[in-house]
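Okay, here's what each chain looks like letter by letter:
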Amino acid sequence: MQSDTPAALGLDVGGHGIKAALVDGAGRVLHFEKREIAALGGRAVDAVEERLVELVAALDASAAELGVETPLPIGVGIPGFHDRRTGLLRQSPNFPGWEDVAVAARLTERLGRPVITENDANAAVLGEAWAGAAKGCDDVLMLTLGTGVGSGILVGGHLVRGHAGAGAEAGHFALYPGGRKCGCGQRGCFERYASGPALVETAEEAWFEEGQTGDLPVTSAREVFELEAETGVRPDLWASRAIERWSLDLGMGLASLVHILSPGAIVIGGGLIGAWDRFADPAQAALSKRTHPAIRGDVLPLRRAALGEAAGAVGAAAAALGHGS
Ligand SMILES: [Zn+2]
């Protein structure tokens, strides 16, 4: 590798661990590793910082081995509201105690070079737009379907962050006003109909509608998909009805977002894309039916996230190189 090729380090802090990547100037991952963090104490600010410092040392060593000139700029993706006016991470779900923490300044001081922090979902869309499923596209909507519905939005190559860093939270617009209660305190949020736990809840509704009694025999979205795969698609049975309804809700939510953003690409990532072949078509049909023909052609087909677990780390490196600003 040429030593003058711009390269960066990207780190992605998640609830279960930290992923780290040495990325070259074209978004290619030259070295990747991850460390688990303990569920409780491991998520404290000091503990996460220690892990980040260790991982930067490991990436630096890898860069030196590959002949890449160091030190390299660093980007770190962390869940939560990043207020760029103050440089503070205001609040982070799943990371208790992370309130008004000057993470970027603290890491910059410890590591002796500029560190940029970015919301984790924002980092993921940057990664996919740089080197993944939406490569080369400047107007991208990315949804991450898992425990919740995360979202990252690029408009004209710029991340939508909002006034206080709390923007682009597409999981919390009201899909069904007055509907299911959400962890954010509101009711009917998109996330409560298009996440993994939401599929289980939709399955439970279909189960009782079918006249079944007792507990639903599955506890995770993956099990709903697995169970249906065993019986085959049966529109008369609760599992298939739940998956169809869940896919419809996903497509309807996307249609609303498309009318606001008119993206050039929609990327879907997260743990649930293992069931891509089952839900992409019905979600797409629902989206297509509810989207103005003039913009429909730009967003279809839906794109499956391509960078897998490295998306956030690649995107954090992109942020360190100035992408999305
Ligand atoms: Zn909500």
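We now turn to the structure provided with this report. (Residues numbered from 1 in each chain as written. Predicted model: local features only at pLDDT ≥ 70, side-chain atom pairs only at ≥ 80, totals over all residues.)

For strand S10 (residues 149-155), the tally of buried residues reaches six of seven residues, placing the bulk of the element in the interior. Relative to S10, strand S9 (residues 140-145) runs antiparallel, the two sharing six bridges. Residue pairing in the sheet places Val140 in a bridge with Leu154 of S10. Hairpin geometry of S9 and S10 is characterised by an intervening segment of three residues between the two adjacent antiparallel strands. For S10 and strand S11 (residues 158-159), the ladder comprises two bridges, and the chain directions are antiparallel. Counterpart to Leu154 in the pairing with S11 is Leu159. The antiparallel hairpin formed by S10 and S11 contains two residues in its connecting segment, where Gly156 sits at a positive phi of about 60°. (Buried ≥ 20, exposed ≤ 12 C-beta atoms within 10 Å, placed from the backbone. Helix = DSSP H or I, 4+ residues; strand = E, 2+ residues; numbered from the N terminus. Pairing = 2+ DSSP bridges.)

So, about unusual backbone geometry. Cis rather than trans, the peptide bond between Thr70 and Pro71 has omega equal to 0°. Inspection of the secondary structure puts Pro71 in the loop between helix H1 (45-65) and strand S4 (74-78). Cis geometry marks the peptide bond from Leu300 to Pro301; its omega dihedral reads -5°. Within the element layout of this structure, Pro301 appears in the loop between helix H9 (293-299) and strand S13 (303-304). We note that Ala168 has phi near 55°; this positive angle belongs to a residue other than glycine. Structurally, the position occupied by Ala168 is in the loop between S11 and helix H4 (191-194). A count of 23 C-beta atoms within 10 Å places Ala168 in the buried class. With a phi angle near 45°, Ser262 is a residue other than glycine that sits in the positive phi range. Mapped onto the fold, Ser262 is located in the loop between helix H7 (238-261) and strand S12 (265-269).

Scope: geometric values only; no functional claims are made or implied.
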